[in-house]
Amino acid sequence: MAGRGTPATSLLVKRSITHRLHSYEHDPRSSYGLEAASALGVSPDRVFKTLLAEVDGVLTVGVVPVVHQLDLKALAAAVGGKRAKMADVALAERTTGYVAGGISPLGQRKRLATVLDQSALGLETMFCSGGRRGLEIEVAPSDLVALLSARVAPIAALT
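A quick note: this is a predicted structure, and the numbers were derived from the prediction, not measured.

Rules used throughout
Residues numbered from 1 in each chain as written. Predicted model: local features only at pLDDT ≥ 70, side-chain atom pairs only at ≥ 80, totals over all residues. Heavy atoms only, no water. Core = buried A, V, L, I, M, F, W, Y, C linked by side-chain atoms within 4.5 Å. Buried < 20%, exposed > 50% of the residue type's maximum accessible area, 1.4 Å probe, protein only. Helix = DSSP H or I, 4+ residues; strand = E, 2+ residues; numbered from the N terminus. Pairing = 2+ DSSP bridges. Axes fitted to C-alpha atoms, helices over the stretch in contact; angles between N-to-C directions.

Draft legend 1. Just the nonpolar core, in detail. Counting residues in each nonpolar core, the largest one holds 26 residues, and the members touching the most others are L52, L106, L116, M126, I137 and L144. Ranked by the residues each element gives to this core, the list is headed by helix α5 (residues 141-148), at four residues.

This is the structure we're talking about:
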């Protein structure tokens, strides 16, 4: 399994984006993002989770540090919407082609509006899911923004 590519990793290779892959053994009893930070020995502020929300009925991706929650009101404002709610997990999985805990902002089945929390821009590199549990991609935030045509906004709220 560790040698198999994912749509996320394939996209990075196809676009010649500098990145590093990091694998770890996923424990089903653990919290995905915090587990990744611990397993990889990096600050949780550098590990980001990919969350799907419905903003005025339209699926939208929010990418925030694993130590924070997604501020739904801020996400809605970032995309010019009024109301946001977390998307149903089954809908998120069907739309992205990934399973919960392994949803990558990259290589999703359907291209969705994406907002990256502004804290990422202060980092040289950040980590996001590689498209399956136990696989993280280390990439420059600016490359992620450019590749996804992502907006950058303060969308993280303290937990």
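Don't stop here, the text continues.
Draft legend 2. View of the sheet that holds strand β5 (residues 84-86). Taken together, five strands build an open sheet; the order of strands is β5-β2-β3-β6-β9 and the sheet is mixed. Where the open sheet ends on each side, the last strands, each with one partner, are β5 and β9 (151-153). Adjacent strand axes in the sheet meet at a mean angle of 35°, parallel and antiparallel pairs treated alike.

Draft legend 3. Spatial organisation of unusual backbone geometry. Within the chain, D56 stands out as a residue other than glycine whose phi angle is a positive 50°. Topologically, D56 is positioned in the loop between β2 (48-55) and β3 (58-65). Overall, D56 belongs to the partly exposed group, its relative accessible area being 45%. The phi torsion at S149 lies on the positive side, around 50°, for a residue other than glycine.

So yeah, pure geometry; function would need other evidence.
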